[in-house]
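Chain by chain, the residues run as shown.
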Amino acid sequence: MSVRLRQDAIVRSLRRNGTMTVAEVAAEVGASRRTVLRDISALRDEGFIIHTDPGRGGGLRLDPGSIQTTVRFSVIEVFALLISVETMRAAGNLPFSSLADAGLAKLEKALPSDKVRDLRRFLDCLYIGKMAPQVDLSDLGTMDPELLPAFETAFLQHQYLRFQYRDAKGSVTRREVEPQAMLILPPVWYLVAWDPDRNDFRHFRMDRIRQPECIEDRFFRRRYVPFKEQVSQVRRM
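To start, this report covers the structure provided alongside it. Please read these numbers as outputs of a predicted model, since none were measured by experiment.

Quick look at the overall build of the protein chain now. From N to C terminus, the protein chain includes eight helices and 10 strands. With respect to the three principal axes, the spread of C-alpha positions in the protein chain is 70 × 40 × 35 Å. Of all 237 residues assigned to the protein chain, the portion counted as buried reaches 39%. Sequence-distant contacts in the protein chain: of pairs separated by 6 or more residues, those separated by 24 or more amount to 65%. Accessible surface computed for the protein chain: about 13700 Å², of which carbon and sulfur atoms make up 50%.

Here's what the structure looks like:
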């Protein structure tokens, strides 16, 4: 279970049961006592009011009011929403755009300052344009759900990315690249990366990428990525 899912489970358990001991919460979510205490601290930092009753038999209580006033968003969730809005905008199909922009502004305000910084760094890597009409899209597939979370780590930490890639001819290879940008040409999404094996930039269609994983001990520096004139960087928040 990921950290986010475990913390959500803790909130649900406290809301459902009222008062619980740390041991009971740990058993409920399948984690150690130390992990639960660390998660409780993180939840408090996000604005959840969790009371601790003193004494050996004391427990944890969630203030119901904090559930109503606290909205939790991760960088990757807000980024996904931004991508969706900007993709529709680029395709000329974004009704009520002013309302969408106002909603996104509220999401930004709901994020802690450190997450806002991460989100803006993430946005620096996002570009959008229009697909040429002659491109064959008959084999367009779905994207691996693990791709965007892997990108978050790779782009923000400047870590190499390893993945399995199927090219247009169906050949499958393993790649290790420096992810430099994300390019959206609706409806096709590309990872623009520096390929050390070819000593050049490569465009990898995201629907052809599988099993993405960051290489923790390999890092890179950002490179200048040349784009055509019709490609532009997504507006900053």
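Every disulfide links exactly two cysteines, by a covalent bond between their sulfur atoms. Inspection of the entire model under this criterion finds zero disulfides. Looking at the unpaired Cys125, the closest cysteine sulfur is the one in Cys214, lying at 13 Å.

A few words now on the pattern of salt bridges. Inspection of every chain in the model, using the stated rule, returns 12 salt bridges. Across the salt bridge formed by Arg205 and Asp207, the nearest N and O atoms sit 2.9 Å from each other. Both residues of the pair, Arg205 and Asp207, count as buried. Overlapping salt bridges bring together Arg162, Arg174, Glu176, Glu213 and Arg218 as one network.

In this model helix H6 (residues 97–110) runs 20 Å from its N-terminal to its C-terminal C-alpha over 14 residues, within 8% of the 20 Å that 1.5 Å per residue would give. Listing the buried residues of H6 in full gives Leu104, Leu107 and Glu108. The arc enclosing the buried residues of H6, seen along the axis, measures out at 100°, which places them on a common side. Opposite the buried face of H6, by more than 90 degrees, sit the exposed residues Ser98, Leu99, Lys106 and Lys109.

Turning our eyes to something else, we now look at the nonpolar core. Phe122, Phe151 and Leu191 are the most contacted members of the largest nonpolar core, which totals 36 residues. Contributing elements (two or more residues each) for this core: helix H5 (75–90), H6, helix H7 (113–123), strand S4 (126–128), helix H8 (147–157), strand S5 (159–166), strand S6 (172–185) and strand S7 (188–195). Residue contributions to this core peak at seven residues, all from H5. In this structure Phe151 touches Phe122, Leu156, Leu161, Met182, Leu191 and Met206, once residues within four positions along its chain are discounted.

Axis separation between helix H1 (residues 3–17) and helix H2 (residues 22–29) bottoms out at 10 Å; the angle between their running directions is 125°. Taken together, the axis directions place H1 and H2 in an arrangement best described as oblique. Two packed elements cross with a definite hand, and for H1 against H2 that hand is right-handed. Residues Arg6, Ala9, Ile10, Ser13, Leu14 and Arg16 of H1 form the contact with H2, whose participating residues are Val25, Glu28 and Val29.

Let us now look at the side chain of Asp207. Mapped onto the secondary structure, Asp207 falls in the loop between strand S8 (200–205) and strand S9 (209–219). Among the polar contacts made by the side chain of Asp207, one reaches the main-chain amide nitrogen of Gly141 at a distance of 2.9 Å. Within the structure, the side chain of Asp207 is placed 2.9 Å from the side chain of Arg205, a separation counted as a polar contact. Among residues more than four places away in sequence, those in contact with Asp207 are Asp139, Leu140, Gly141, Thr142, Met143 and Arg166.

On to the sheet that holds strand S3 (residues 60–62), then. Pairing is antiparallel across the open sheet formed by three strands, whose spatial order is S1-S3-S2. Here the strands that pair on one side only, and so sit at the sheet edges, are strand S1 (19–20) and strand S2 (50–52).

What follows covers the environment of Glu216. Its location among the elements puts Glu216 in strand S9. What makes Glu216 exposed here is its relative accessible area of 65%. C-alpha separation for the pair Glu216 and Ala27, spaced 189 residues apart in sequence, amounts to 31 Å.

The rules we used
- Residues numbered from 1 in each chain as written.
- Predicted model: local features only at pLDDT ≥ 70, side-chain atom pairs only at ≥ 80, totals over all residues.
- Heavy atoms only, no water.
- Helix = DSSP H or I, 4+ residues; strand = E, 2+ residues; numbered from the N terminus.
- Buried < 20%, exposed > 50% of the residue type's maximum accessible area, 1.4 Å probe, protein only.
- Contact = heavy atoms within 4.5 Å.
- Areas by Shrake-Rupley, 256 points an atom, 1.4 Å probe, with all protein chains shown as cover.
- Disulfide = S-S within 2.5 Å.
- Salt bridge = Lys/Arg side-chain N within 4 Å of Asp/Glu carboxyl O.
- Expected span 1.5 Å × (residues − 1).
- Arc of directions from axis to C-beta.
- Core = buried A, V, L, I, M, F, W, Y, C linked by side-chain atoms within 4.5 Å.
- Axes fitted to C-alpha atoms, helices over the stretch in contact; angles between N-to-C directions.
- Parallel < 35°, antiparallel > 145°, perpendicular 65-115°, else oblique.
- Left-handed = near helix turned anticlockwise from the far one by under 90°.
- Polar contact = N/O pair within 3.5 Å; in protein donor to acceptor, adjacent residues only side chain to side chain.
- Pairing = 2+ DSSP bridges.

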